Amino acid sequence: MTSLIRRRLLAAAAVLPALPAFAQTRPLTCGELTAQQTEGPFFKTATPLRTSFVEAGSKAARLVVAGQVLSRSCRPVAHALLDFWHADEDGEYDNRGFRYRGHQFTDAQGRYRLQTIVPAEYPGRTRHIHVKVQAPGKRILTTQLYFRDEAGNLRDGLYRPDLEMRMSARGAGEGAFDFVVEV
C-alpha cells in the first residue's frame, strides 16, 4: 500500500508545473497584498524621475532600499510606478521643492532600487519612508516602510511590523522590501 501511495505522489509531482526560478529562492511573501497606510500630509505630485535622493554635502547615513513589485502569485510587475518621499536628516519634509522626493519605474523583472539617506525621526513618528506603488493601469497602493529595532516603533501608532524593511547583515545601509499589489 505504501509503495502505491508513493508512486501516485511521484506521478502527481511529475505533472505539476515547475515554479519560476525567482519563486524558489524568495521568501513566501506573495499572496497577501502589502498593507495600505495613510499618505500623510506631505505628499506632492509631479515628483522628478530619479533613483537617487542623495544630496551633495549631506552628512546623514546613506541607505539603499531595493526589492521587487510582485503580484499575488509572485510574478514580477514590470513598469510599476513607485513614488517615494521622506523626511530629511533633521526630521523635516521639503514642501517647496523635491528634496528626498521622486519616482521611478520597476524594470522587466519588477525590481527597483533607491539610493537615499536614513530619514530622521520627528515628534510622534518613528523613522519611516512613504511610498505609493502602482502596477500599470491599476489602483495605487499607499503605504510606509519602517526600520527594524527602532525605539520609536513602539510609540508610533501607525507602525506595523509587516512593513519593516529587511536590513542587510552588513549594516543599516541596505534595506529590502517586496511590495505585493493587485495586477
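Bear in mind the structure is a predicted one, so any value in this text is a computation, not a measurement. (Residues numbered from 1 in each chain as written. Predicted model: local features only at pLDDT ≥ 70, side-chain atom pairs only at ≥ 80, totals over all residues. Heavy atoms only, no water.)

### Quick notes on the overall build of the chain
Okay, so step 1: When helices and strands are tallied, the chain shows 2 helices and 9 strands.
Okay, so step 2: Mapped from its N terminus to its C terminus, the chain presents α and β elements in the order α-α-β-β-β-β-β-β-β-β-β.
Okay, so step 3: For the chain, with 183 residues in total, the buried portion stands at 41%.
Okay, so step 4: A separation of at least 24 residues holds for 71% of the contacts in the chain among residues at least 6 apart in sequence.
Okay, so step 5: Of the roughly 10400 Å² that the chain leaves accessible, carbon and sulfur atoms contribute 56%. (Helix = DSSP H or I, 4+ residues; strand = E, 2+ residues; numbered from the N terminus. Buried < 20%, exposed > 50% of the residue type's maximum accessible area, 1.4 Å probe, protein only. Contact = heavy atoms within 4.5 Å. Areas by Shrake-Rupley, 256 points an atom, 1.4 Å probe, with all protein chains shown as cover.)

### Some words on the sheet that holds strand E6 (residues 140-146)
Okay, so step 1: Taken in spatial order, the 4 strands make up an open sheet running E3-E2-E5-E6, and their pairing is antiparallel. The two strands at the open ends of the sheet, each matched to only one other strand, are strand E3 (101-105) and E6. Taken pair by pair, the neighbouring strands of this sheet meet at an average axis angle of 20°, ignoring direction.
Okay, so step 2: The pairing of strand E2 (residues 81-85) with E3 spans 5 bridges and is antiparallel. Its bridge partner being in E3, leucine 82 is matched across the sheet by glutamine 104. (Pairing = 2+ DSSP bridges. Axes fitted to C-alpha atoms, helices over the stretch in contact; angles between N-to-C directions.)

### Here's the deal with the nonpolar core
Side chains of a nonpolar character, in soluble globular proteins, are inclined to be buried together.
Okay, so step 1: In this structure, Val69, Leu82, Phe84, Ile129, Val133, Leu145 and Phe179 are the most contacted members of the largest nonpolar core, which totals 29 residues.
Okay, so step 2: Of all elements in the fold, only strand E1 (62-70), E2, strand E4 (111-117), strand E5 (128-134) and E6 reach the threshold of two or more residues within this core. (Core = buried A, V, L, I, M, F, W, Y, C linked by side-chain atoms within 4.5 Å.)

### Some remarks on the layout of surface pockets
It is a probe the size of a water molecule, rolled over the atoms, that shows where empty space is left.
Okay, so step 1: When its volume is computed, the second largest pocket comes out at roughly 160 Å³.
Okay, so step 2: Taken together, Leu33, Thr34, Gln36, Arg139, Ile140, Leu141, Val180, Val181 and Glu182 form the lining of the second largest pocket.
Okay, so step 3: A class-by-class count of the residues in the lining of the second largest pocket yields 5 nonpolar, 2 polar and 2 charged. (1 Å grid on protein atoms, 1.4 Å probe; cavity = no way out; pocket = protein on both sides within 12 Å on 5 of 7 lines; lining within 4 Å. Points joined across faces, edges and corners; volume = space filled by probe spheres on them. Nonpolar A, V, L, I, M, F, W, Y, C, P; charged D, E, K, R; others polar.)

### Thoughts on the state of the cysteines
What makes a disulfide is a covalent bond joining the sulfur atoms belonging to two cysteines.
Okay, so step 1: Under the definition given, this model contains 1 disulfide.
Okay, so step 2: A sulfur-sulfur distance of 2.2 Å marks the disulfide that ties cysteine 30 to cysteine 74. Handedness here is read from the sign of the S-S torsion; for cysteine 30 and cysteine 74, about 125°, the answer is right-handed. You can see cysteine 30 sitting in the loop between helix H2 (21-25) and E1 and its partner cysteine 74 sitting in the loop between E1 and E2, a full 44 residues away along the chain. (Disulfide = S-S within 2.5 Å.)

### Here we look at the environment of isoleucine 117
Okay, so step 1: Among the secondary structure elements, isoleucine 117 is positioned in strand E4.
Okay, so step 2: Taking the relative accessible area as the measure of exposure, isoleucine 117 reaches 0% and is therefore buried.
Okay, so step 3: When the C-alpha atoms of isoleucine 117 and leucine 63 are compared, they prove to be 4.9 Å apart, with 54 residues separating the residues in sequence.

### Concerning the pattern of salt bridges
Okay, so step 1: The final tally for this structure, using the stated rule, is 12 salt bridges.
Okay, so step 2: Two residues, arginine 99 and aspartate 88, come together in a salt bridge whose shortest N-O distance is 3.2 Å. You can see arginine 99 sitting in the loop between E2 and E3 and its partner aspartate 88 sitting in the loop between E2 and E3, a full 11 residues away along the chain.
Okay, so step 3: By relative accessible area, which is 27% here, arginine 99 ends up partly exposed.
Okay, so step 4: Under the relative-accessibility criterion, aspartate 88 is labelled buried at 7%.
Okay, so step 5: Between aspartate 107 and arginine 111 there is a salt bridge, and its shortest N-O distance comes to 2.8 Å.
Okay, so step 6: When salt bridges with common partners are traced through the structure, they connect Glu55, Asp88, Glu89 and Arg99 into a single cluster. (Salt bridge = Lys/Arg side-chain N within 4 Å of Asp/Glu carboxyl O.)

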